[in-house]
Amino acid sequence: MTAFTEPRRHHKIEVNHLDRLAIVYVRQSTLAQLQHHQESTRLQYALVHHAAELGWAPDRVLVIDDDQGKSGTTATGRPGFTRLVTEVSLGHVGLILGIEMSRLARSNRDWHHLLEVCALFQTLIGDADGIYNPADYNDRLLLGLKGTMSEAELHILKNRMHQGKLNKARRGELGITMPTGYIRDAYGEIQMDPDEQVQQVIQLIFRKFEELGTVHALLRYLVEHQVQLGVRERTRAGGGRLTWRRPNRMTLQNLLHNPIYAGVYAYGRRQVDPRKKLAGYSSTGRVSLPPDQWHVLLKDHLPAYITWDQYQEHVARLAANRNVGSWSGAPKRGTGLLSGLLICGRCGHRMVASYHQLSTGPAVRYSCTRDVTDYGGSPCFGCAGTAVDRWVVTQLLEALTPAGVALSLEAQSSLNRDREALDRHWHARLEWAQYEAARAARQYQGVEPEHRLVARSLERAWEEALEAERALKEEYDRHVQRQPRQLTTEEIRQVQLISTALPALWSASTTTMQDRKEILRLVIQRVTVWGDAKNEHMDVRIEWQGDHVTEGHVIRPVARCDQVSTYQEVCQRVEAGVREGKTALEVADELNAAGWRPPKRRATWNVTQVRGLAQRLGLQFSKGTDGRAVRSRLPPRAGDWWTLPGLAQALEMPAVTLYTWLRRGVVNGKQSTRGGSWRLWADDAEVRRLQALRSEPVGARYHQRWIDKATSMMNTQEVRDVSP
């Protein structure tokens, strides 16, 4: 080791140093350096002999080479460096040897941390230039300078390479990976794939995405029609051979997001965010950025399958289809018109649509289940979809009638006049700020150079005027950005034509549910609903495109009579009717005349509903609908045996739900005769159990029921021993 200036025992090496270990730290930054720069590796391993020359026994020299092929920019992900610091912290190390300081660390943070630990535990550091004691001021200063130079060297190298790549990319000459549909010719130029079938498939993908609107629908179309993508082999062994592969979601997403198909040469679409980068993983921390933040964007530089405007529309459509970051999302196949647009007014989360079958056909229900799915709580709010869908559609058609459109256009004209007045005001302020800056510049330029006191004062005034002008321009830009976009003459004409044809188009048999949802998303940003789960009243708020708001009140169907807001008045009217000897039909007519609505989806009260309510109240009409006396009914409870309506009233639940429990074995009961009335058994303890079960969330209730069923099957299963 002739490179070392002190080949013999150094005066800084003491006996206590020789009693401890001498560590030789070996590191190469990349795997390529390990393969092609092996001389540096040999020099580092040869430091073992130098440690012996300095006085260490061969068995007291430890080589740490766990960090081969890893960068020294950070200590994270370098187990060898962590092991080195740990050994020093335990007082086991007398000397650390490295071929140069950059081998130990390229980061000042890690380097100075190592120096602090070495100074504390009296550990020496040696390189090709000598031996250093970190506890000595002069040596510490020199080691600090070496660490700073090592970090600066790495920064200079990286910056030089980055600027070289960036300069080449600005000319559109930096090599990029060729996606499917493109190849490089013999001269290195990017061209469309010469295979016409490959080009047709790419064009089909873009055309069908514009038609279908979602990646999932596009993928289903390609799979159903057995369309495959032509891909060129990138390996040297493949030699650019064309292979046909089935499409997948990620390939389609990358294809639709890639600007090369719009003839754009782009560099820097995905850049590294240091906050998200994981040490030791070079490909992490990359985030996608908007086009205005790309390093290079050269339009019309490459052959294109689509235009730049089409590419932007596709990217915007993909962003709108994502549930995260977009309120509406993509239109789904269900019958719920407001799926993706409806927001819970209580918690602000999106409401989901669920579908169930009724005797009249399929029905939709909107529910806010965020607390249920995320926190195991109770549903926040829910409502039947028919009422709110009908109200929103009514508001839509009224807003887009010719009269409504004319009023909106007149309002827009008034807003435009106000905007023009504000613009004149802003332009006057900007003109005055420019004048002040120009005057300050003239004053500064007119002063004699020898008058430094005056020049400094005028220079400061000029800078203040320029800063005021810049701040005013930024404020004006924010003002313009907040203003809604103005409609052009052609757009106004199209709106007027649509307003006359929309009602017929909406109700046409050829208009699908997805078409109607697309129309809603064109004019509505979101719909917010909130109300009390104990009554049928619900408030609705529509936020239109352009920040206009419409608010209204909707009556939603509820499940039980006690959820109706007029329940107390209805009960009093029924009690009065029974007391006065009226028939159920007469009481139903009185309720309908008062304008009181029943539960469910009915608009008027009928005899069956009135009688059922009277039974829940423990009452009974003495006359039928024809005025004749009716036979008495069974009491709601006889000992521990209940009638089905009586137990349902005690549990405060619908009788049909209790009957479902009976069929599923949750409640025990029997029939006196086939087709006769049910008698349900429930003592006080059983009633408390059923009440607790009734209070549980629906999901938890059925989950526990399946657990109990599986446990019962395991307990009753016959276990047989099989003899050999």
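Residues numbered from 1 in each chain as written. Predicted model: local features only at pLDDT ≥ 70, side-chain atom pairs only at ≥ 80, totals over all residues. Heavy atoms only, no water.

Focus on the overall build of the protein chain
- Across its full length, the protein chain carries 25 helices and 24 strands.
- The long-range share in the protein chain, meaning contacts at least 24 apart out of those at least 6 apart in sequence, stands at 59%.
- Summing over all exposed atoms, the protein chain offers an accessible surface of approximately 43,100 Å²; the carbon and sulfur share of this is 52%. (Helix = DSSP H or I, 4+ residues; strand = E, 2+ residues; numbered from the N terminus. Contact = heavy atoms within 4.5 Å. Areas by Shrake-Rupley, 256 points an atom, 1.4 Å probe, with all protein chains shown as cover.)

Here's the deal with the pairing of strand β19 (residues 537-544)
- Note that strand β18 (residues 524-531) and β19 share seven bridges and pair antiparallel. Directly across from valine 527, in β19, lies its bridge partner isoleucine 542.
- Linking β18 to β19, which pair antiparallel, is a turn of five residues.
- Both β19 and strand β20 (residues 549-555) contribute to a ladder of seven bridges, which runs antiparallel. Across the sheet, residue valine 540 finds its bridge partner in β20, namely glycine 552. (Pairing = 2+ DSSP bridges.)

A closer look at the side chain of glutamate 686
- Summarising the element assignment, glutamate 686 is placed in helix α24 (residues 684-695).
- The residues touching glutamate 686, leaving out its near neighbours within four places in the chain, are Val666 and Trp681.

Focus: the confidence of the model for the protein chain
- Mean pLDDT over the protein chain stands at 79; residues scoring 70 or higher make up 83%.
- Taken together, the stretch residues 1-7 has pLDDT below 50 and engages in 16 contacts with residues farther than four places along the chain or on a different chain.
- The model gives residues 713-724 a pLDDT under 50, and that stretch makes zero contacts with residues more than four places away or in other chains. (pLDDT = per-residue confidence, 0-100.)

Thoughts on the sheet that holds strand β1 (residues 21-25)
- An order of β2-β1-β3-β4-β5 is seen for the five strands of this open sheet, with the pairing classed as mixed. Every other strand in the sheet has two partners, leaving β2 (61-64) and β5 (130-132) as the edge strands with one partner each. Pairwise comparison of adjacent strand axes, ignoring direction, gives a mean angle of 25° for this sheet.
- Here strand β3 (residues 93-97) runs beside strand β4 (residues 124-127); their pairing, made up of three bridges, is parallel. Following the sheet pairing, isoleucine 96 is matched in β4 by isoleucine 125.
- The strands touched by helix α5 (residues 79-89) are β1, β2 and β3; relative to β1, the strand with the most contacts, the crossing angle is about 160°. (Axes fitted to C-alpha atoms, helices over the stretch in contact; angles between N-to-C directions.)

Brief notes about the side chain of glutamine 68
- If you trace the backbone, glutamine 68 turns up in the loop between β2 and α5.
- A polar contact is formed between the side chain of glutamine 68 and the backbone nitrogen of glutamine 28, at a distance of 3.0 Å.
- Those residues in contact with glutamine 68 that lie beyond four places of it in its chain are Val26, Arg27, Gln28, Leu34, Thr41 and Tyr45. (Polar contact = N/O pair within 3.5 Å; in protein donor to acceptor, adjacent residues only side chain to side chain.)

Considering the packing of aromatic side chains
- According to the stated counting rule, one finds nine aromatic pairs in the structure shown.
- For the pair tyrosine 261 and tyrosine 305, a centre-to-centre distance of 5.8 Å together with 55° between the ring planes defines the contact as tilted. Of the two residues, tyrosine 261 is situated in the loop between α11 (249-257) and β10 (265-267) and tyrosine 305 in the loop between β13 (296-298) and α12 (308-321); the sequence distance between them amounts to 44 residues. Of the two residues examined, tyrosine 261 and tyrosine 305, each falls in the buried class. (Phe/Tyr/Trp six-rings, centres within 6.5 Å; stacked < 30°, edge-to-face > 60°. Buried < 20%, exposed > 50% of the residue type's maximum accessible area, 1.4 Å probe, protein only.)

Focus on the packing of helix α19 (residues 567-579) against helix α20 (residues 584-593)
- Here α19 crosses α20 at 150°, and the two axes come no closer than 10 Å. For the element pair α19 and α20, the recorded crossing hand is right-handed. Of α20, the residues touching α19 (which contributes Val570, Arg573, Val574 and Gly577) are Val587, Glu590 and Leu591.
- Residues that form the contact of α19 with α20 fall into these classes: four nonpolar, one polar and two charged. (Left-handed = near helix turned anticlockwise from the far one by under 90°. Nonpolar A, V, L, I, M, F, W, Y, C, P; charged D, E, K, R; others polar.)

A closer look at the sheet that holds β20
- Pairing within the open sheet is mixed, and its four strands lie in the order β14-β18-β19-β20. Edge positions in the open sheet fall to β14 (342-344) and β20, since each of these has one partner strand only. Within this sheet the neighbouring strands show an average axis-to-axis angle of 25°, counted without direction.
- Bridge count between β14 and β18: three bridges; the pairing is parallel.

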